[in-house]
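# Structure at a glance
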Amino acid sequence: MTTIFEELLDRFRDAQATVEDERLRDFTSSLCWSMPQRSLEPNVLKSSILLDRTTELSSPSFRPLAALVAKHRNELRWGQTYTPADFGQHFIDNYGWLEVFGTRGHFANDQMAGGLLILGPNIVYPDHHHVAEEIYIPLTGGTEWRKGESGFVPRAAGEVIHHPSNVNHAMRTGAEPLLALYLWRGGPLAARSTITGKAE
Ligand SMILES: [Fe+2]
């Protein structure tokens, strides 16, 4: 019988496979999807309440993944890298990630981390950077992203957003929450980002 964790990994794999992008394929072409499962205690966050809305907002090719995560939210180990001292309590209540695979996620992988990020409406995730190279694919639309010295750019669901190693980046949501798929490689996969921006 397939566990919800196996189903989670399958749907994560299916979701990214619907996106055609060379940078994404460069990440995933060598990835072995057969990964050992970890037994993790669930950890539920306040931001989990946003998952019903992000499921509604997800584009159809991503909805199976979004819906699975929403349905089983209380069985999954949600995490946060920051504390209220970083960006305030409101940010913390509207932010969280789920590592599907990586050095601490539901499946063990030392080479790459993959998961989902959730952000509530009207949230600014200030400028930050990290050694790892990163790809984001928003599963919902209506958010704005910036990197390097550029300004904020609107990004649609299904776009591939690539953050090279140590390049500053930030994102902000509008009236609706964001659910985004992420992949990390080439650095300490559980490292805390270096923050260079301030919460607004
Ligand atoms: Fe990042």
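Structure's up top.
I will try to describe carefully the structure that is included in this document. What you see is a predicted model; the values in this text were computed from it and never measured.

### A closer look at the coordination of the iron ion
Metal coordination angles have textbook ideals: 109.5 degrees for a tetrahedral set of four donors and 90 or 180 degrees for an octahedral set of six. The iron ion binds to the protein through His130 (NE2), Glu134 (OE), Glu134 (OE) and His169 (NE2), with metal-donor distances spanning 2.2 to 2.5 Å. Bound by 4 donor atoms, the iron ion shows angles of 53 to 137° at the metal and therefore irregular coordination geometry. Linear spacing of the donor residues for the iron ion on their chain is H-x3-E-x34-H. Highlighted residues: glutamate 134 in strand β6 (residues 133-138) and histidine 169 in strand β10 (residues 169-173), separated in sequence by 35 residues. In this pair, the class of glutamate 134 matches that of histidine 169, namely buried.

### Thoughts on empty space enclosed by the protein
As enumerated under the stated definition, the model contains 1 cavity of 30 Å³ or more in all. Quantified by volume, the largest cavity comes out at close to 200 Å³. Along the wall of the largest cavity there are 19 residues; nearest its centre are Thr81, Trp97, Arg104, Tyr182 and Trp184. Within the residue set of the lining of the largest cavity, elements represented by two or more residues are β2 (95-102), β4 (112-119), β5 (124-129), β6 and β11 (178-185). Among the elements that make up the lining of the largest cavity, the one with the highest residue count is β2 (3 residues).

### A look at unusual backbone geometry
Although it is not a glycine, asparagine 122 sits at a positive phi angle of roughly 55°. Within the element layout of this structure, asparagine 122 appears in the loop between β4 and β5. For asparagine 166, which is not a glycine, the phi torsion comes out positive at approximately 65°. Residue placement: asparagine 166 occurs in the loop between β9 (161-163) and β10.

### Looking at the sheet that holds β10
With respect to topology, 5 strands assemble into an open sheet ordered β8-β7-β10-β5-β12, the strand pairing being antiparallel. A strand with exactly one partner marks an edge of an open sheet, and here the two such strands are β8 (153-155) and β12 (194-195). In terms of strand pairing, β5 meets β12 through 2 bridges, oriented antiparallel. Bridge pairing in β12 links histidine 128 to isoleucine 195.

### Let's talk about the nonpolar core
Counting 37 residues, the largest nonpolar core has Leu65, Val69, Phe101, Leu181 and Leu183 as its most contacted members. If you list the elements that add at least two residues to this core, you get α1 (4-17), α2 (22-28), α4 (63-71), β2, β4, β6 and β11. With near-sequence residues (within four places) excluded, valine 69 lies in contact with Leu8, Leu51, Leu76, Trp78, Leu98 and Leu116. Listed in part, the 21 residues of the second largest apolar core include Tyr95, Leu119, Trp145 and Ile161.

### With respect to the side chain of threonine 140
Among the structural elements, threonine 140 can be located in the loop between β6 and β7 (143-147). There is a polar contact of 3.1 Å between the side chain of threonine 140 and the backbone nitrogen of leucine 179. Contact partners of threonine 140, with chain neighbours within four places excluded, come to Thr54, Leu57, Ser58, Ala157, Pro177, Leu178 and Leu179.

Conventions and cut-offs
The written sequence of each chain sets the order in which its residues are numbered from 1. Residue-level local features of this predicted model are given only where pLDDT is at least 70; pairs of side-chain atoms are given and counted only at 80 or more, and the full residue set underlies all totals for whole chains, interfaces and linings. Side-chain descriptors were evaluated using all non-hydrogen atoms of the structure, hydrogens and water having been removed beforehand. In this analysis a donor is any N, O or S atom within 2.8 Å of a metal ion (3.2 Å for sodium, potassium and calcium), and since water is not included, sites may seem incomplete. Just to be clear on the cut-offs, tetrahedral is four donors with all angles between 85 and 135 degrees, square planar is four donors and octahedral six with opposite donors over 155 degrees apart and all others between 65 and 115, and anything else goes down as irregular. Helix numbering and strand numbering both begin at the N terminus, where a helix is a DSSP run of H or I of at least 4 residues and a strand a DSSP run of E of at least 2. Type-normalised accessible area, obtained with a 1.4 Å probe on protein chains alone, sets the label of each residue: buried when under 20%, exposed when over 50%, and partly exposed for intermediate values. Buried and open spaces are told apart on a 1 Å grid over the protein atoms alone, a cavity being a set of points where a 1.4 Å probe fits but cannot get out and a pocket being an open set with protein on both sides within 12 Å along at least five of seven lines. Residues with an atom within 4 Å of a point are the lining residues. Grid points are joined across faces, edges and corners, and a volume is the space filled by probe spheres set on the points. Criterion used throughout: strands pair if DSSP finds at least two bridges between them. Think of a nonpolar core as a cluster: buried Ala, Val, Leu, Ile, Met, Phe, Trp, Tyr and Cys residues, connected wherever their side-chain atoms sit within 4.5 Å. Contacts: residue pairs with any heavy atoms within 4.5 Å of one another. Side-chain atoms alone can form a polar contact between residues adjacent in sequence; in general such a contact is a pair of N or O atoms within 3.5 Å, and within protein one must be able to donate a hydrogen while the other accepts it.

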